Amino acid sequence: MRIRGNALLRVVVVILTVSLTLVLLPIAINVGTGGTAPGFLAPYVGWTWPLIGVLWLVAILTGLWEFRSRRTVGLSARSADQPRNRPNALARVDRYLADRFAGSLASRTQLALALEVSPEAVIRPYDLLVQPLDSHVSEIREDADITAAFDDLQDSMLILGAPGAGKTTLLLELARALAAKAHLDPSTPMPVVVDLAGWTASTARADGDDPGDSPLLAGFVRWLLIELSSRYQIPIAVGRVWLQRGGLALLLDGLDEVSAPHQDKLAPVLDELVQHYLIGQLAVTCRILDYERLQHRLKLYGAVQIRPLSRRQVLDYFASGGQELAGARAAMERDDDLWDLVNSPLMLNVMALAYRGRDAREVAAGAVADHRRELFDTFISEVLSRQRSNTVSYDSKAAVRSLWCLAWWTRTRAGDRIEVPRRLTPNGWYGLVLPAVGYLAHMVCLPALFAGLVGGAALAATALYGVLSGLAVGVAALVLVHVTPHTWWKLREGREQPRGLLQAVMLTVGAVTGLLSVLAVVALAEQVPAWIGLAFQGAIVWSSYGLEYLLSPSNRRLVLLGVRLVGVTVASWLVFTHVSDPHAFVAGCATGLIVAQGIRFVKALPMDHLVYPHGADEYQGSGARMDPWTIAGALAGLLVAVALGASLGTHALEAALGIAAGTVAAKAWRRRAPVFAGALSRLLHGFLLRWSGYLPWWRGAFLRYAADRYVLARTGPGEYAFIHLLVRDHLAECDPDALAAKVDERIAARGGRPGLARSR
């Protein structure tokens with residue numbers, strides 16, 4: 001409907017522009033040849049030709065738009081048939097699969113996973129594209145690999161398995177086999193692996209959607225095409241044509257990673273997708289427990305379930321490793337519980353990596369309480385303590401803290417919860433409360449910013465209008481700091497954090513901001529007539545008070561606001577009309593507004609408006625402890641200005657009065673956060689996370705470092721993901737400092753220096 005509406009709009013625009021042109025053109029020609037225009041158009045004769053030009057331009061652009069829209073389907077179909085499109089796309093598929101295998105743990109362990117058919121897991125549809133000759137469901141062949149199983153199940157299959165069982169690995173193996181067939185036979189669909197975790201079940205309509213698709217299917221197809229464009233550089237128009245013609249084999253990974261409210265929506269979406277599009281090959285993976293909780297089963301031809309590894313497979317693998325895996329064999333022998341734990345390819349890989357190269361005598365005897373946690377701790381300690389080439393060095397604490405922070409944020413954010421994000425969006429910090437970061441924000445950055453801002457503003461005011469103006473800035477700031485709300489906490493923890501350099505940075509930022517802001521508004525106020533400057537500031541103040549009137553539910557507050565507004569307006573006008581230097585008064589008003597807004601911004605920066613504190617036991621309470629910092633900042637600004645030659649006289653009384661008026665006028669704005677306060681607070685939070693070692697300063701270098709140690713896997717150019725959900729979850733739930741201590745212990749045992757995850 002939206003597409004038809006757009007087409008109708010274009011037709012209406014063309015008709016109107018052509019009609020107006022046909023009316024105006026004869027009139028313009030008549031006037032140009034010496035004639036006259038109708039009386040009602042006589043005052044506008046000079047605009048006739050420009051208007052005709054604009055109408056012609058609108059008509060041409062609308063026609064081109066219509067022409068392009070009508071050609072979209074034809075061009076898309078022809079571009080999809082270009083001879084090089086399919087080989088280029090297949091090459092990108094091959095490259096993606098090679099990158100996934102090269103960065104995964106599966107590349108280190110080649111195991112033949114056993115499969116068993118689970119026909120009860122799916123609802124077999126009766127309208128599949130390919131039907132067997134008989135009416136019975138095919139059984140997979142004994143010891144069949146994933147490709148043979150896919151063929152036996154008529155290219156329509158669900159892959160089930162426990163966490164770490166190898167579902168994604170099998171799907172990638174299937175993709176490689178199908179890609180090899182697609183290279184040999186141009187009529188064979190091209191496999192595309194897509195992670196379902198990013199699907200949000202959107203029902204919004206957009207241009208280009210098929211009108212026959214339901215809103216849910218249209219959103220799924222649009223999301224799918226965007227994923228193909230991002231991962232394989234397949235143009236959306238080309239991907240849509242291939243989808244309609246059966247040119248794509250859809251391999252959808254991670255139904256269990258779709259947000260819980262949307263998991264049950266996938267079955268009807270895929271059912272409608274098969275009905276509306278030519279989908280000849282389809283495979284979906286999901287964890288067993290998550291799939292059993294679904295209300296709607298998928299309509300696929302069959303399902304296979306990955307069996308746990310047998311003890312014989314584990315023994316054969318360790319035996320094939322020789323002395324390299326002697327430590328792993330010793331660990332298994334000393335603890336029978338590990339046999340039940342190491343029953344999946346992931347855990348076998350973790351076990352092999354954790355103990356590879358360790359002497360069996362190094363493996364201490366004695367069982368542990370939590371085997372899986374201990375095993376993952378050992379894995380992380382081992383891989384971070386080993387030397388690797390061509391990677392930078394990271395302190396153990398910084399490395400583990402960064403991995404913990406990335407894992408925590410990746411798991412809790414919306415959308416794809418596997419891939420490490422390129423940038424950290426605001427919603428990622430809600431719920432992340434760190435005492436060390438909170439201490440730096442509230443007890444180091446906040447007072448330093450107050451002192452710097454007041455000092456810079458006092459320096460500018462004193463240099464321009466004398467000491468009295470600088471004192472007025474200091475007094476105004478001190479009053480505003482005491483005005484509620486007080487947004488800082490007196491934290492008990494975190495005093496061991498380094499403070500000197502951070503305080504110097506924040507003092508500099510605040511001083512430069514205060515100085516430049518005051519100089520800028522004063523320069524602007526001096527350039528325009530005084531009454532215009534005062535009127536402009538009055539309009540801003542009156543608008544802000546009007547907004548308060550609209551949003552405030554308290555009648556008492558509305559009365560107080562009205563009294564204050566009228567009082568400051570009358571007082572400002574009386575002073576303005578009686579002072580000898582009105583420009584100084586206007587500049588002072590602007591300075592007062594800037595100082596008030598600056599302090600309001602700084603008050604909004606701490607973390608408490610993003611998250612709620614853990615508990616009262618971590619805090620001593622809140623209160624106004626910023627007085628010494630504010631006074632020190634103002635005095636420092638005054639002394640610097642005087643040392644630079646500022647006047648000690650009081651001739652600029654107008655500026656001091658203006659500062660007082662601006663401060664009083666701005667008081668009404670304190671109830672609501674400034675427009676950009678949230679973004680600046682998150683920026684400060686991200687900076688402090690990096691300062692305290694919870695995030696890397698250089699994202700790319702750290703991700704390469706983690707991928708080189710098999711904690712992350714490279715999934716594309718500049719793209720990384722955790723090697724498995726279990727690894728990500730373990731890192732997100734661990735105590736990063738305790739785990740870093742284990743890394744240091746392992747480094748020391750290897751003969752290295754504690755505290756440094758070294759590289760050659």
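Because the structure is a prediction, the values reported are computed rather than measured.

As a further point, take the packing of helix α16 (residues 435-465) against helix α22 (residues 627-643). Two elements in contact, α16 and α22, have axes whose closest approach is 7 Å; the angle formed by their N-to-C orientations is 30 degrees. When the axis of α16 is compared with that of α22, the two are roughly parallel. For the pair α16 and α22, the crossing hand works out as right-handed. In this structure, α16 contributes P447, A448, A451, V454, G455, A458, L459, T462 and A463 to the contact, and α22 contributes W629, T630, G633, A634, G637, L638, V640 and A641.

Here the focus is the packing of aromatic side chains. The final tally for this structure, using the stated rule, is 9 aromatic pairs. Ring centres of Y96 and Y232 lie 5.5 Å apart, and the angle between their planes is 85 degrees; this geometry places the pair in the edge-to-face category. Taken together, the residues Y96 in helix α3 (residues 85-102) and Y232 in helix α6 (residues 215-232) connect sequence positions 136 residues apart. Residue Y96 is classed as buried on the basis of its relative accessible area of 5%. Ring pairing ties together the aromatic residues W199, F220 and W223, which thus form one cluster.

Attention now goes to a nonpolar patch on the surface. Together, L464, V512, L516 and L519 make up a nonpolar patch on the protein surface, roughly 320 Å² of accessible area in all. Relative to the elements of secondary structure, L516 occurs in helix α18 (residues 500-527). Look at L516 and you get exposed, because its relative accessible area is 51%.

Time to look at unusual backbone geometry. Glycine aside, a negative phi is what most residues show, and trans is what most peptide bonds show. Despite not being glycine, D155 shows a phi value in the positive range, around 60 degrees. Following the sequence through the fold, D155 ends up in the loop between α4 (146-152) and β2 (156-161). Backbone geometry at Q233 places phi at a positive 55 degrees, although glycine is not the residue there. Secondary-structure assignment places Q233 in the loop between α6 and α7 (236-245).

Looking at the chain, the pLDDT average stands at 75 and 70% of residues meet or exceed 70. The element-level mean pLDDT for the chain is lowest in strand β10 (residues 756-757), coming to 49, with strand β4 (residues 248-253) highest at 93. Counted against residues more than four places away or in other chains, residues 70-78, with its pLDDT under 50, gives 5 contacts. Note on residues 126-131: pLDDT is under 50 here. Beyond four places in sequence and across chains, it has 9 contacts.

Turning to its location among the elements, D99 is positioned in helix α3. Setting aside its immediate chain neighbours within four residues, D99 contacts R714 and G716.

Take the sheet that holds β4 next. Strand order across the open sheet formed by 6 strands is β1-β6-β2-β5-β4-β3, with mixed pairing between neighbours. For this open sheet the edge positions go to β1 (115-117) and β3 (190-195), each flanked by a neighbour on one side alone. Neighbouring strand axes in the sheet, compared pairwise and without regard to direction, differ in orientation by 20 degrees on average. Relative to strand β6 (residues 302-306), β1 runs antiparallel, the two being bridged by 3 bridges. The residue bridging E116 from the neighbouring strand is Q305, located in β6.

What counts as what
- Residues numbered from 1 in each chain as written.
- Predicted model: local features only at pLDDT ≥ 70, side-chain atom pairs only at ≥ 80, totals over all residues.
- Heavy atoms only, no water.
- Axes fitted to C-alpha atoms, helices over the stretch in contact; angles between N-to-C directions.
- Helix = DSSP H or I, 4+ residues; strand = E, 2+ residues; numbered from the N terminus.
- Parallel < 35°, antiparallel > 145°, perpendicular 65-115°, else oblique.
- Left-handed = near helix turned anticlockwise from the far one by under 90°.
- Contact = heavy atoms within 4.5 Å.
- Phe/Tyr/Trp six-rings, centres within 6.5 Å; stacked < 30°, edge-to-face > 60°.
- Buried < 20%, exposed > 50% of the residue type's maximum accessible area, 1.4 Å probe, protein only.
- Patch = residues over 30% accessible without salt bridge, like charges linked within 9 Å, V, L, I, M, F, W, Y side chains within 5 Å.
- Areas by Shrake-Rupley, 256 points an atom, 1.4 Å probe, with all protein chains shown as cover.
- Salt bridge = Lys/Arg side-chain N within 4 Å of Asp/Glu carboxyl O.
- pLDDT = per-residue confidence, 0-100.
- Pairing = 2+ DSSP bridges.

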